[in-house]
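Coordinates in review
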Amino acid sequence: MMSFPAISFRICLLTGFLASFALEPLRASRFFNLFSPDLFVQFNIQLTAEGEIRYSVYADKKTLIKQGKMGFHLLGQAPLEKGFRWLSIDTSSVDERWEPHWGEERQLRKRCSRMVVQFEQTATGKRLDLECMVFNDGVGFRYHFPSSGRHEAFILADELTSFPVTGDHDAFWIPGDYDTNEYAYALTPLSKVHAAKEVWPHGIGFRSPVSDSTVQTPLTMRTPDGMWLSIHEAALVNYPAMQLDIDRKELGLKAHLVPDGLGNKAYLRLGDHTPWRVLLIARRASELLTNRIILHLNEDPPETDCSWFKPGKYLGIWWEMHLGTHSWAGPRSEGDSLALPHGATTGSMLRLIDFAAANGFSYVLAEGWNRGWEHGDGGWSERKFSFTEAYPDVDLPRISEYAKDKGVGLMMHHETYGAVTDYERQLPAALDLMEKLGYKGVKTGYVGRIVPRGEHHDGQWMVNHYLHLAQFTALRKFFLVSHESVRPTGLHRSYPNWFSCEAARGNEFNAWSAGNPPEHETILPFTRLLGGPMDYTPGIFPVAAGSGDSLALRRVHTTLCKQLALYVTLYSPLQMAGGKLEDYESHPGPFQFIRDVPTDWDSTVVLDAMPGDFVYTARRKRGSGDWYVGMITDELARKYPLRLDFLEPGRKYVARMYADAPDAHWQTRPMAYKITEQTVDARDVLNIRLAPGGGCAISLKAEE
Ligand code: NOJ
Ligand code: CA
């Protein structure tokens, strides 16, 4: 590698000696290594002869990132790019256990090597510090802009961080876009990414791929020698989202921050830091799904009593509007005639509450209760909705009383159509109304272009908006689920009331566009869900709605059993049963799985998984011995011998299996299923067959 004398952290680790290096020899040296606790991952930081900061990452002695750049361009100031010298390096090891308020596991262990490197730019005297954590399954690093008592403001014109990979990896990608993540994934070698040239099925009008070679994170890749990598970020606070520019020739990836209308990236002050830049590393694809580095790099919640944020399932007045049989817009005054029947009337909400109470659902959502929908999306206009005034056929106090009597929680709906300043103006009154009516949470939405004009969904201004909303709602004891918001970065650890986001192409696309290809849900856990839970809204029963093309296109591209299995394979503490009540009432057999499946877990076992092909997951219900299994496939049929050795040895379980019938097929026989029940134990193996576009859901109830 290099001929300079090196101080090897490996020796420090092996002897358990942790140190602060503010030493002369360090100044002379050009590089420094930090190893993961098991020595599998190595992070190398170095200064070039010009004083540029470079880093490399190795795993299993193979180079994964070679000489990545670090630094920034500042507006109107000398760049933080070269001429640095080391001031000090502090190293330590971390080994701590912590419990998420809700999650895929009850307890997590954060174990890593940590270092803080202080750099000084000799010519300007400016400091730039780097904090780095090396885990057995990845790396996170972030920059600090130390203040030394001053709080000068400055503007980031560009972040220079690059991720030069060492091969033409196969990548699962969606095009860079400052305003949406709602795309189907492409799989190509990095050298073949042509983001803007792809034909993307439309449906919403604010897509704007950034460039031919910009993609979004999490960007998940397979190296030619079979290693798995995913680049994302953690704890995105007061900073724009990071997308990645691909250099198709050199196979480099470079941070591309979402700009504001002036082209600036971030407005910061000395004392601030960036989000973590994260590289997840796995020998097997399935290991990526239990990688918890992104959570470890986030902070605990400031508020310790989070007991009022209760995970659960919800029903909604929702799918009928997406299918186009009902409208969000209600009458302006009583008796107004409408082109379509209004969805969220008092009557339909009471019926939904009854159904929720009878079937054990915690929450009910009604979209289209409030005035404003009649204006359409209103282009880029300033004011679109009222968040306090209901349509005349919606009796809010009556609905609230009814829900209270039935023990069902209500979820408010705040669609903004992007008019965010107006939403913020109305927010205090909107939250007061929710409190007065006893609502438990709110679903927000940001369809359309953002006001203030020039801001983007994933820029710094909006990132701050989402977070402020998570804070305001937490203070008022409301949970939050946000649609069209920036994709998550593990902040649900710090804000356990922020149950989930959409920030990807959800089930709704199947109602009004070419839909989601059968492989879509097998890719999501390896990409978008690495950052946090998704409100995918599963549970749509693919009852025949037409024939030929219309049957194939305008409904979910799965079998019925796959819709059930998604409750296990796509993690969220808040899961919707998105379908129509009539479909649930007429199919009580499969609906039983949706009634039973919990949304909070003590442990998660990924039995096997491959993005684009299949995901097989088992999870144990929180505080219980019961297990649930979800297995999904892409457009291909598959067989799998499901070994039940994750069950407690010696214990008997009643296994109820919701399986695709032998002739099931997502296109031709999506509703063909078979439900069987048998007693099993940990020694049993179940032979599972998944239909094309199919799935299998199993509940395993522990006997006393
Ligand atoms: C898009 C959201 O993803 C969807 O769930 C919602 O129904 C519509 N916007 C209307 O707010
Ligand atoms: Ca959406």
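As the structure is a computational prediction, the values presented were derived from the model and not from experiment.

1. Structural notes on the overall build of the chain
A count of helical and extended segments in the chain gives 15 helices and 36 strands. Relative to the compact-globule value of 27 Å for 704 residues, the chain shows a C-alpha radius of gyration of 26 Å, a close match. Oriented by its inertia axes, the alpha-carbon framework of the chain measures out at about 80 × 60 × 50 Å. In the chain, which comprises 704 residues, the share counted as buried stands at 62%.

2. Here's the deal with the nonpolar core
If you look at the biggest cluster of nonpolar residues, it comprises 153 residues, and the most contacted ones within it are Phe43, Ile45, Phe141, Leu253 and Ile281. Both domains that meet at this core, namely domain 1 (3-296) and domain 2 (310-503), each give it at least three residues.

3. Looking at the coordination of the calcium ion (ligand 2)
The protein atoms that coordinate the calcium ion (ligand 2) are Glu182 (OE), Glu484 (OE), Glu502 (OE), Glu502 (OE) and Glu508 (OE), at distances spanning 2.2 to 2.7 Å. Taken together, the six donor atoms coordinating the calcium ion (ligand 2) span angles of 52 to 156° at the metal, a pattern that classifies the geometry as irregular.

4. Some remarks on the sheet that holds strand E29 (residues 601-610)
A sheet is described by the order of its strands in space; here six strands give the open sequence E29-E30-E31-E36-E33-E34, paired in antiparallel fashion. Two strands lie at the open edges of the sheet, namely E29 and strand E34 (673-680), each paired on one side alone. Averaged over all pairs of adjacent strands, the angle between their axes in this sheet comes to 15°, without regard to strand direction.

5. So, helix H8 (residues 420-437)
The end-to-end C-alpha distance of H8 is 24 Å, a good match for the 26 Å that 18 residues give at a rise of 1.5 Å each. The axis of H8 is deflected most strongly, by about 50°, at Leu427, and proline Pro428 appears within four residues downstream. Where H8 is buried, its residues touch helix H7 (396-406), strand E24 (409-415), strand E25 (441-445) and helix H9 (460-475).

6. Overview of the sheet that holds strand E12 (residues 153-159)
Each strand in a sheet pairs with its neighbour through backbone hydrogen bonds, running either in the same direction (parallel) or in the opposite one (antiparallel). One open sheet accounts for three strands, arranged E7-E12-E20; its pairing is antiparallel. Looking at strand neighbours, the two that pair on one side only are strand E7 (72-74) and strand E20 (266-269), the edges of this open sheet. Between one strand and the next, the sheet's axes are offset by a mean angle of 45°, whatever the strand orientation. Across three bridges, the pairing between E7 and E12 is antiparallel. Residue pairing across strands places His73 opposite Asp158, the latter belonging to E12.

7. Structural notes on the packing of aromatic side chains
Counting across every chain of the model gives 32 aromatic pairs. Ring geometry for Phe355 and Phe591: centres 5.6 Å apart, planes at 35°, overall tilted. Here Phe591 lies in helix H15 (residues 588-596) and Phe355 lies in helix H6 (residues 346-358), a separation of 236 residues in the sequence. Phe591 carries the same exposure label as Phe355, and that label is buried. Taking the centre distance of 6.1 Å and the plane angle of 10° together, the rings of Phe361 and Phe591 count as stacked. Placement of the pair is Phe361 in the loop between H6 and strand E23 (363-366) and Phe591 in helix H15, with a sequence separation of 230 residues. Among the residues examined, Phe361 registers a relative accessible area of 3% and is labelled buried. With a relative accessible area of 3%, Phe591 lands in the buried category.

8. As for the pairing of strand E31 (residues 627-633)
Taken residue by residue, a regular strand's side chains alternate between the two faces of the sheet. Burial analysis of E31 places seven of its seven residues in the buried class, the great majority of the element. A two-sided burial pattern is seen for E31, the buried positions comprising Trp627, Val629, Met631 and Thr633 on one face and Tyr628, Gly630 and Ile632 on the other. Across seven bridges, the pairing between strand E30 (residues 614-621) and E31 is antiparallel. For Thr617, the partnering residue across the bridge sits in E31 and is Gly630. Two successive antiparallel strands, E30 and E31, enclose a turn made up of five residues, where Gly623 displays a positive phi of approximately 70°. In terms of strand pairing, E31 meets strand E36 (residues 695-702) through six bridges, oriented antiparallel. From the neighbouring strand, Met631 faces E36, where its bridge partner is Cys696.

9. Examining the site of ligand 1
Of all residues adjacent to ligand 1, which total 13 residues, the nearest are Glu367, Glu415, Lys443, His483 and Glu508. Side-chain polar atom of His322 to an oxygen atom of ligand 1: 2.8 Å apart, as the coordinates give it. If ligand 1 stood free it would expose 300 Å²; the protein chains cover 94% of that surface. Looking at the shell around ligand 1 residue by residue, the classes come out as four nonpolar, three polar and six charged.

10. Observations regarding the pairing of strand E18 (residues 242-247)
Pairing between strand E15 (residues 214-215) and E18: two bridges, direction antiparallel. Each bridged residue has a counterpart across the sheet, and for Thr214 the counterpart in E18 is Asp245. Judged from the six bridges that link them, E18 and strand E19 (residues 252-257) form a sheet pairing that is antiparallel. Looking at E19, one finds that Asp247 is bridged to Gly252.

11. Here's the deal with H6
Helix length check: H6 (13 residues) gives 18 Å between terminal C-alpha atoms against 18 Å at 1.5 Å per residue, within 8%. In this structure, the buried residues of H6 make contact with strand E22 (312-317), E23, H7, E24, helix H14 (581-586) and H15. Of the residues flanking the end of H6, it is Gly360, one or two places downstream, whose phi is positive at about 75°.

12. Let's talk about the confidence of the model for the chain
Residue-level pLDDT values for the chain average 92, and 92% of them are 70 or greater. Counting interchain partners and residues more than four positions distant, the pLDDT-below-50 stretch residues 1-25 has 47 contacts.

The rules behind each value
- Residues numbered from 1 in each chain as written.
- Chains lettered and ligands numbered in written order.
- Predicted model: local features only at pLDDT ≥ 70, side-chain atom pairs only at ≥ 80, totals over all residues.
- Heavy atoms only, no water.
- Helix = DSSP H or I, 4+ residues; strand = E, 2+ residues; numbered from the N terminus.
- Rg over C-alpha atoms; globule rule 2.2 N^0.38 Å.
- Buried < 20%, exposed > 50% of the residue type's maximum accessible area, 1.4 Å probe, protein only.
- Core = buried A, V, L, I, M, F, W, Y, C linked by side-chain atoms within 4.5 Å.
- Domains from an automatic or database assignment.
- Donors = N, O, S within 2.8 Å, 3.2 Å for Na, K, Ca; no water.
- Tetrahedral: all angles 85-135°; square planar, octahedral: opposite > 155°, others 65-115°.
- Pairing = 2+ DSSP bridges.
- Axes fitted to C-alpha atoms, helices over the stretch in contact; angles between N-to-C directions.
- Expected span 1.5 Å × (residues − 1).
- Bend = angle between axes of the 7 residues up to and from the residue.
- Contact = heavy atoms within 4.5 Å.
- Phe/Tyr/Trp six-rings, centres within 6.5 Å; stacked < 30°, edge-to-face > 60°.
- Near = heavy atom within 4 Å.
- Polar contact = N/O pair within 3.5 Å; in protein donor to acceptor, adjacent residues only side chain to side chain.
- Areas by Shrake-Rupley, 256 points an atom, 1.4 Å probe, with all protein chains shown as cover.
- Nonpolar A, V, L, I, M, F, W, Y, C, P; charged D, E, K, R; others polar.
- pLDDT = per-residue confidence, 0-100.

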